[in-house]
Amino acid sequence: MLTILFDGIAYGMLLFVLACGLAVTLGLMNFVNLAHGSFAMAGGYITLVLVNRHGVPFFAALPLCFLLTAALGALFERTLYVHVYAKPHLDQVLFTIGLVFMSVAAVDYVMGSQQQYITLPEMLHGQINLLGLNVGKYRLLIIVLCGLLTIALQYILASTRFGSRLRAAVDDPRVASGLGIHVSGIFALTFAVGSGLAGLGGALGAEILGLDPTFPLKFMIYFLIVVTVGGTSSITGPFLASLLLGIGDVAGKYYVPKFGAFVIYTIMIVVLIWRPQGLFARATAR
Amino acid sequence: MSQPLDQDIRRYLAGRARWHPFEIAFWVVALASIFLLSSKHLILTEIAILALFALSLDLILGYSGIISLGHAAYFGFAGYVAGLLAKYNIVNEPVLALLVSGLAAAVLGFVTSFLVLRGSDLTRLMVTLGVSLVLREIANQAGWLTGGADGLQGITIAPVLGLFAFDIAGHVAYVYCLAVLFILFLVARRIVNSPFGLSLLAVKGNPLRASAVGISVNARLVAVYTLAAGYAGIAGALLTQTTQFVSLDVLSFERSADVLLALVIGGTGYLYGGIVGAILFKLMQDYLSNLTPQYWQFWIGLVLVILVLVGRERMTSWTTQLRTLLARIGPRADSVEAVPAAPADVRAAPADEH
């Protein structure tokens, strides 16, 4: 029971790191980015190449992966995404689906279509006894890392100058730019960090979620659920939504394996009937 | 209502519904393809089915502004229904089975429409995608009924109307699909040119104002979503009947994305968009998958990206221009195509119910 809870939390934390970038960019620019999973996949494959082919230590590869994916995100944002912000949602959907298709086929071409595994260092294998509970070392690492990241993100958003600018821009981009806040610059930076976090999530999650070219398609619905259920106004909303989804999914797959896949959809439908604007959304819908 | 206004409206609706010579020419060409392109009937059948599917998506996307990422749900659901009806000899006659399957999909569309219509564009994306994924998972799990990942095998389809047996070259299948497409096209044409169709356009333009002039927004959307689901269902059932096989593939995300792409290539918001788009999309897919069997999706993705970056309006403006041009050539053109111009922008109005 506790083990399932633990696994669920690890899974949920992972989902949060994967999806939080999407929540912020969506809230900021009202931009539907279905290609968010492609950046996560890119991060996974970057780590794979670094660790398996070039022998970079796993812990050194993670920050490298973050930086590289963030750079990739910034590149795409500045060259392609900027042209699509002002377009209707349908265009954004088409554009990002196009990117997903391209990334899936390109990764398939370069890396092959089979499932890939990142070689983990010896010390992350096996289990550890924590307060009388046997937990996987790797999952513990994920919880610790993602927990630290969440605290850091919360701190940046709530207590720094950049964070207050970002929140102002999310609340009302027009007024924020009227006050002299450089909204598009903030957005580019946020997009890059969000992509980097997704890449990091993809790297960490390769062991748990699996890594193959169809990754962006498989997890698109998860990201959408996290963002719509959690809302885009704060970082706690998506965080709680990720935990709910992670624990629900793991518990569902464990207790009712035959119907495990339906649990997340049931959560989605129930939340939607109960609170159509999202669980943690503010009362005012824009 | 005052008499002149009443007459004006009547005249306007009649003008919208009038057949243009080029429309007639289009269907004459389609009819001619039965005889002239008999070696291409297999791909033409696929085109006709995709065209009907795209037509159904156009009803909700082009005429009411709902973006759906899971329209394959209804397509695949009815595909399975049609397969099961034929396999277990419940309804043998294909046309009757087609109607039953379409009705089943419409019922599913009606039930799910209440979920879909809540919330914003983003929520709709999630829900439509979620509905199709749930159905796919059900079809996957219920292996005893659907054959699971192997697909539903052992379907034999009886002759159409008890007279025309399906042949291996697909001649009967093509004529059958084309006839169904034509009849359903006529029905859709009648619907979008009715006062109901006009009210849908009003809802798409601005839901808040539409409700202010007395249109019950949600009821209209539920109605058109149900209708579109039924149309998609008939397209799915056609696919089952002509291929005598159903697999999980009919419910996949790629199928929903493909039909969206086909519709967007042809242009949204006028009924021929889906048909033209289906022709272009299938030809492109055929060409690309011959070129690179494994990676053709890359090029489809590239087409999408370029389409959006260059501007969907600009890319598909040729259809708009062509239509205005044709309307100018046509007889008494002034009242025919004057108003429903500029179909390209499908943005739902920013103001939701709140």
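Residues numbered from 1 in each chain as written. Chains lettered and ligands numbered in written order. Predicted model: local features only at pLDDT ≥ 70, side-chain atom pairs only at ≥ 80, totals over all residues.

(A) Examining the overall build of chain B more closely. When helices and strands are tallied, chain B shows 16 helices and 0 strands. A total of 354 residues make up chain B; the buried ones form 48% of that total. Considering only contacts within chain B whose residues lie at least 6 apart along the sequence, 78% involve residues at least 24 apart. (Helix = DSSP H or I, 4+ residues; strand = E, 2+ residues; numbered from the N terminus. Buried ≥ 20, exposed ≤ 12 C-beta atoms within 10 Å, placed from the backbone. Contact = placed C-beta atoms within 7 Å.)

(B) The arrangement of the overall build of chain A in detail. Helix and strand counts for chain A come out as 11 helices and 2 strands. Relative to the globule expectation of 19 Å for 286 residues, the C-alpha radius of gyration of chain A, 19 Å, shows essentially globular dimensions. The C-alpha extent of chain A, read off along each of the three principal axes, is 55 × 45 × 35 Å. Burial analysis of chain A (286 residues in total) assigns 48% to the buried set. Across chain A, every contact between residues at least 6 apart in sequence was considered, and the portion connecting residues at least 24 apart equals 76%. (Rg over C-alpha atoms; globule rule 2.2 N^0.38 Å.)

(C) Spotlight on the interface of chain A and chain B. Listed by partner, the interface residues are 36 residues for chain A and 37 residues for chain B. The dominant element in the side of chain A that touches chain B, judged by the number of residues it contributes, is helix α4 (residues 89-111) of chain A, at 16 residues. Tallied by class, residues from the side of chain A that touches chain B come to 27 nonpolar, 5 polar and 4 charged. (Nonpolar A, V, L, I, M, F, W, Y, C, P; charged D, E, K, R; others polar.)

(D) Molecular detail of the confidence of the model for chain A. Taken as a whole, chain A shows an average pLDDT of 82; of its residues, 95% reach a score of 70 or greater. Within chain A, helix α3 (residues 58-79) of chain A carries the highest mean pLDDT (89), whereas strand β1 (residues 127-130) of chain A carries the lowest (72). (pLDDT = per-residue confidence, 0-100.)

(E) The environment of Ser194 of chain B, seen in detail. Along the chain, Ser194 of chain B turns up in the loop between α8 (171-192) and α9 (195-205). Along the primary structure Ser194 of chain B and Gly273 of chain B are separated by 79 residues, whereas in three dimensions their C-alpha atoms are 19 Å apart.

(F) Highlighting unusual backbone geometry. Residue Gln244 of chain B is not a glycine yet carries a positive backbone phi of 55 degrees. Its location among the elements puts Gln244 of chain B in the loop between α11 (217-243) and α12 (253-266).

(G) The packing of helix α2 (residues 36-54) of chain A against helix α9 (residues 215-230) of chain A, seen in detail. All names here are of chain A. Where α2 contacts α9, the axes come no closer than 8 Å and their chain directions differ by 125 degrees. Classified by the angle their axes make, α2 and α9 are oblique. The crossing of α2 and α9 is right-handed. Two secondary-structure elements touch here, α2 through His36, Gly37, Ser38, Ala40, Met41 and Gly44 and α9 through Phe215, Pro216, Phe219, Met220 and Phe223. (Axes fitted to C-alpha atoms, helices over the stretch in contact; angles between N-to-C directions. Parallel < 35°, antiparallel > 145°, perpendicular 65-115°, else oblique. Left-handed = near helix turned anticlockwise from the far one by under 90°.)

(H) Expanded view of α11 of chain B. For α11 of chain B, built from 27 residues, the straight-helix expectation of 39 Å at 1.5 Å per residue is met to within 8% by its first-to-last C-alpha distance of 39 Å. Among the 27 residues in α11 of chain B, 22 count as buried, and that is most of the element. (Expected span 1.5 Å × (residues − 1).)

(I) Main features of the environment of Leu141 of chain A. Residues and elements named next belong to chain A. Here Leu141 shows up in helix α5 (residues 137-159). By C-beta crowding, Leu141 is classed as partly exposed, having 17 other C-beta atoms within 10 Å. Along the backbone, Leu141 and Met29 are 112 residues apart, and their C-alpha atoms lie at a distance of 33 Å.

(J) Fine view of the confidence of the model for chain B. All names here are of chain B. Here chain B shows a mean pLDDT of 80. Residues at 70 or above account for 87%. Throughout residues 331-354 the model reports pLDDT below 50, and contacts reaching past four residues in sequence, or to other chains, amount to 42 contacts. Both confidence scores are given for the complex: pTM 0.82, ipTM 0.79.

(K) A look at α9 of chain A. Residue and element names in this part refer to chain A. Over its 16 residues, α9 runs 22 Å from end to end, which matches the ideal 22 Å to within 8%, given 1.5 Å per residue. Its axis deflected by about 30 degrees at Ile221, α9 carries its strongest bend there. Of all 16 residues in α9, 14 are buried, a share of seventy percent or more. (Bend = angle between axes of the 7 residues up to and from the residue.)

(L) Highlighting the packing of helix α1 (residues 2-29) of chain A against helix α8 (residues 183-209) of chain A. Residues and elements named next belong to chain A. Closest axis-to-axis distance for the α1/α8 pair is 8 Å, and the angle between their directions is 160 degrees. In terms of their interaxial angle, α1 and α8 are classed as roughly antiparallel. In terms of crossing hand, the pair formed by α1 and α8 is left-handed. Residue composition of the contact of α1 with α8, grouped by class: 17 nonpolar, 8 polar and no charged.

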